[in-house]
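Now for the letters of each chain:
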Amino acid sequence: MSLPRLSSTVGAIPTPHPHTSASGRVAQVLLRTWAAATNLLICGRRFLLLTPPESEQTNYQGYVPIADALDDLLTGLGAHAHHGHGLNDAPLPLAHYAAIFDFTGLIEKHPETTVVHAHSTTDIHVIGPDNTELQDPHSSCPASAQARIAWARAHMPVTTAAVQRLAERGTLMDQRIGLSLVLEPKTAVLALLLHEAGATVSVFGHADEIRDDVAHYLRHQGIPVYGYAQMSVQEEKHAAVDFLSQQLTVLLDDGSHLIRMAHEDAYAPVALRHMIGAAEETTSGLRPLRIMERDSALKIPVVASNDARSKTLFDNAYGTGQSCLFTIMDLLDANHEGLHMGGLHVLVIGYGDVGRGFARLIRAFGAKVTICDTDSVRLLQAYMDGYEVCISPDAVAENMQWIVSATGVRHTINSSVLACAPDGCVLSVIGGVAQEIALEEAIAAGASWEPTGDRAVDILRFADGRGLKVMDKGGCINCTAGEGNPIEIMDMSFGVQTAAVEYLLTGMNARESRLHALPATLDHGISQMALKFFAPSASVLSDFSLKHDAEGRDTLRT
């Protein structure tokens, strides 16, 4: 991976703004390269930055400003940066670090963590603990699906433990579990773990959310996969119908598309006959299910996995925030020259967990963020968090360089917003429903598509000559054009989904055809397993235990 040119950095004092200086852009590219190659989490993690000693004047003056800029960036993103000149300077065991950024050129690899070769002015290399070079899966020479799945599995202790718990009890034997999830390496790990634990597992993937190489690997392991990346709308519907005709006992869904289709006799007349229940892991997917529950149309128990605190407080804010932002940056800066983020005007529509997480992270890169939300409480929260706020996106769209929809609501970026957005404005969806940007309306009104030649970036050209950059035709950007959320985050989310399976198969109160909250005992169990991985020295609530009161609420007692 090529670095931005350092002619203005090496041996020079960086410019005042850390996000527009050459040092800041190099730091940005270093971190983006590591994140793309590893798909690991930044927030909360520890990083070791090794720089030459001050006695090596030329190298010291060149690389310390970059390391300092990287420190600023990591800190702003919620990570911890430690500095030193060698491995012996690390204040913690090296296994506690997500990565070592080596500016000295002396650390080739380390068996306990990843090493980023940051000392070269021409190439960045990310080396795994086994001495293999880790690559962006969208690069010209990506690792195989098998290697990426193995890498993900090595970083998913929570899901592994949660499935193992069910395997030891024999809970999954004779169960037919269907996964309708974004099919990438982490989903493959969940499928393989459930398969190895005794369940009969199959996977469905939407055309824009399926990695064909991962699907091929799962099929080779005996796990049927319904769908492929280039299938038509009609072929996708047929694949979904075939998937639902397998007499599934449990369905894990993302977006509730298959849960809802299973209720339609025209498509899946026998889908619910053997189904014990389902679980839904997204905010946008729960929205129509709540309407079905209200109308007494829900015919099976559905666990609202998204509402579990171990899921929504982490997946939505930290995982989606990082994966969406970094995917957008990588698409806009395919040559890794470093984006000028300082002072960038960004409008984020929707201040739920997803919007809040995205806004916090892009502000760490120096962007000036405005929040729009129709909920006055959320808007007040955004104001207290230090953002500019507005009720109507139309009022501010003309001044924005990026507009991001984080609502999961159709036509969030509607025709009025599109009419106000300036030439060159970047439009992205991180909420996750079809037509979150009113693209069909725009095309019907005379706009047209123009390719840019860059992956997943197209120009929506209007009759007045304006061209808006649309990320991946309005798809949920981290799922359709990225590798999904960081592994550790999806480890927690799939731990929650596994806990939902446990509840559906063993819970005495899980038989009613309605939406069910994941019991707090299971929710806390997932967070405690994750805490052991992230912060093994932290004290868990060992002096407390959970009980259920007479109304079914969870309370703490000493």
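The structure displayed is predicted, hence computed values, not measured ones. (Residues numbered from 1 in each chain as written. Predicted model: local features only at pLDDT ≥ 70, side-chain atom pairs only at ≥ 80, totals over all residues. Heavy atoms only, no water.)

(A) Region of the structure containing the overall build of the protein. The secondary structure content of the protein amounts to 17 helices and 23 strands. Compactness check: the protein gives a C-alpha radius of gyration of 24 Å against a globular reference of 24 Å for 558 residues, within 12% of the reference. Principal axes of the C-alpha set define a box for the protein whose edges measure 70 × 60 × 50 Å. Going through the 558 residues of the protein one by one, you find that 55% of them count as buried. Within the protein, contacts between residues at least 6 apart in sequence are counted, and of these 66% link residues at least 24 apart. Working note: accessible area of the protein is about 23100 Å², and carbon and sulfur atoms make up 51% of it. Across the protein, the mean location of the 40 positive side-chain charges is 5 Å away from that of the 63 negative side-chain charges. (Helix = DSSP H or I, 4+ residues; strand = E, 2+ residues; numbered from the N terminus. Rg over C-alpha atoms; globule rule 2.2 N^0.38 Å. Buried < 20%, exposed > 50% of the residue type's maximum accessible area, 1.4 Å probe, protein only. Contact = heavy atoms within 4.5 Å. Areas by Shrake-Rupley, 256 points an atom, 1.4 Å probe, with all protein chains shown as cover. Lys, Arg positive; Asp, Glu negative; His and termini not counted. Charge placed at Lys NZ, Arg CZ, Asp CG, Glu CD.)

(B) Molecular detail of the packing of helix 4 (residues 157-169) against helix 5 (residues 185-196). Where helix 4 meets helix 5, the closest approach of the two axes is 9 Å, and the angle between their N-to-C directions is 20°. When the axes of helix 4 and helix 5 are compared, the pair comes out roughly parallel. When the axes of helix 4 and helix 5 are compared, the crossing they make is right-handed. Taken together, the residues of helix 5 that come into contact with helix 4 (itself represented by T159, T160 and V163) are L190, L193 and L194. Considered class by class, the residues forming the contact of helix 4 with helix 5 number four nonpolar, two polar and no charged. (Axes fitted to C-alpha atoms, helices over the stretch in contact; angles between N-to-C directions. Parallel < 35°, antiparallel > 145°, perpendicular 65-115°, else oblique. Left-handed = near helix turned anticlockwise from the far one by under 90°. Nonpolar A, V, L, I, M, F, W, Y, C, P; charged D, E, K, R; others polar.)

(C) Just the nonpolar core, in detail. Among the nonpolar cores identified, the biggest contains 122 residues, and W34, F101 and W402 are the most heavily contacted of them. When residues of this core are assigned to their parent elements, the largest contribution, twelve residues, is made by helix 16 (residues 487-506). Among residues more than four places away in sequence, those in contact with W34 are N39, L40, L41, I42, F47, A98, A99, F101, T114, V116 and V126. Of all hydrophobic cores here, the second largest spans 25 residues; its members include M261, A262, M275 and L289. (Core = buried A, V, L, I, M, F, W, Y, C linked by side-chain atoms within 4.5 Å.)

(D) Just helix 9 (residues 283-294), in detail. Here helix 9 spans 17 Å end to end across twelve residues, near enough to the 16 Å set by a 1.5 Å rise per residue. Among all positions in helix 9, only S284, G285, L286, L289 and M292 are buried. On its buried face, helix 9 sits against helix 8 (257-262), strand 11 (277-280), strand 12 (302-304) and strand 21 (515-516). Structurally, the start of helix 9 carries an N-cap: the backbone nitrogen of G285 is 2.9 Å from a side-chain oxygen of T282. Positive backbone phi, at 55°, marks S296, one or two positions downstream of helix 9. (Expected span 1.5 Å × (residues − 1). Polar contact = N/O pair within 3.5 Å; in protein donor to acceptor, adjacent residues only side chain to side chain.)

(E) Quick look at unusual backbone geometry. In this structure, N131 takes a positive phi of about 75° despite not being glycine. Turning to its location among the elements, N131 is positioned in the loop between strand 5 (125-127) and strand 6 (133-134). Phi is positive for H336, which is not a glycine, with a value near 55°. Note that H336 resides in the loop between helix 10 (309-332) and strand 13 (345-349).

(F) Just the layout of surface pockets, in detail. Size it by volume and the second largest pocket reaches roughly 810 Å³. Lining the second largest pocket are 38 residues; nearest its centre among them are A530, L531, F533, F534 and A535. (1 Å grid on protein atoms, 1.4 Å probe; cavity = no way out; pocket = protein on both sides within 12 Å on 5 of 7 lines; lining within 4 Å. Points joined across faces, edges and corners; volume = space filled by probe spheres on them.)

(G) View of the environment of S415. With respect to the element layout, S415 can be found in helix 13 (residues 415-420). Accessibility expressed as a relative area gives 41% for S415, which makes it partly exposed. Sequence spacing of S415 and E440 is 25 residues, and the spatial spacing of their C-alpha atoms is 10.0 Å. Dropping the residues within four chain positions of it, S415 is found in contact with A438 and E441.

(H) Region of interest: the sheet that holds strand 18 (residues 448-451). Strand order in the open sheet made by the eight strands is 15-14-13-16-17-20-19-18, with mixed pairing throughout. Across the chains shown, the open sheet's two edge strands, defined by having one partner strand only, are strand 15 (388-390) and strand 18. Here the average twist between neighbouring strands, direction ignored, is 25°. Two strands pair when backbone bridges link them, and strand 13 and strand 14 (residues 368-372) are joined in this way by five bridges, in the parallel orientation. Among the inter-strand pairings, V348 is bridged to a residue of strand 14, identified as I371. (Pairing = 2+ DSSP bridges.)

(I) Up close: the pattern of salt bridges. Scanning all chains against the criterion turns up 16 salt bridges. Between D330 and R32 there is a salt bridge, and its shortest N-O distance comes to 2.8 Å. Linking D330 in helix 10 with R32 in helix 1 (residues 22-38), this pair joins segments that are 298 residues apart in sequence. Across this residue pair, the class does not change: D330 and R32 are buried. Two residues, E483 and R148, come together in a salt bridge whose shortest N-O distance is 3.3 Å. Here E483, found in the loop between helix 15 (477-480) and helix 16, pairs with R148, found in helix 3 (residues 145-154); they are 335 residues apart in sequence, far enough to count as distant. Note on E483: relative accessible area 11%, which makes it buried. Taking the relative accessible area as the measure of exposure, R148 reaches 11% and is therefore buried. Several salt bridges share partner residues, and in doing so they unite R32, D330 and D333 into one network. (Salt bridge = Lys/Arg side-chain N within 4 Å of Asp/Glu carboxyl O.)

(J) Spatial organisation of the pairing of strand 1 (residues 46-50). Counting buried residues along strand 1, four of its five residues qualify, which places the element largely inside the surrounding structure. In this sheet, strand 3 (residues 97-102) lies alongside strand 1 in parallel orientation, the contact comprising five bridges. Note that in strand 3 the partner of R46 across the bridge is Y97. Here strand 1 pairs with strand 2 (residues 80-84) via five bridges, running parallel. Note on strand 2: the bridge partner recorded for L49 is H83.

(K) Spotlight on the packing of aromatic side chains. Scanning the model with the defined rule gives nine aromatic pairs in all. On the numbers, 5.9 Å between centres and 40° between planes, the contact of Y63 with F103 is tilted. Here the residue Y63 occupies a position in helix 2 (residues 57-76), and F103 occupies one in the loop between strand 3 and strand 4 (114-117), the gap between them amounting to 40 residues. Look at Y63 and you get buried, because its relative accessible area is 9%. Take F103: its relative accessible area is 1%, and that puts it in the buried class. (Phe/Tyr/Trp six-rings, centres within 6.5 Å; stacked < 30°, edge-to-face > 60°.)

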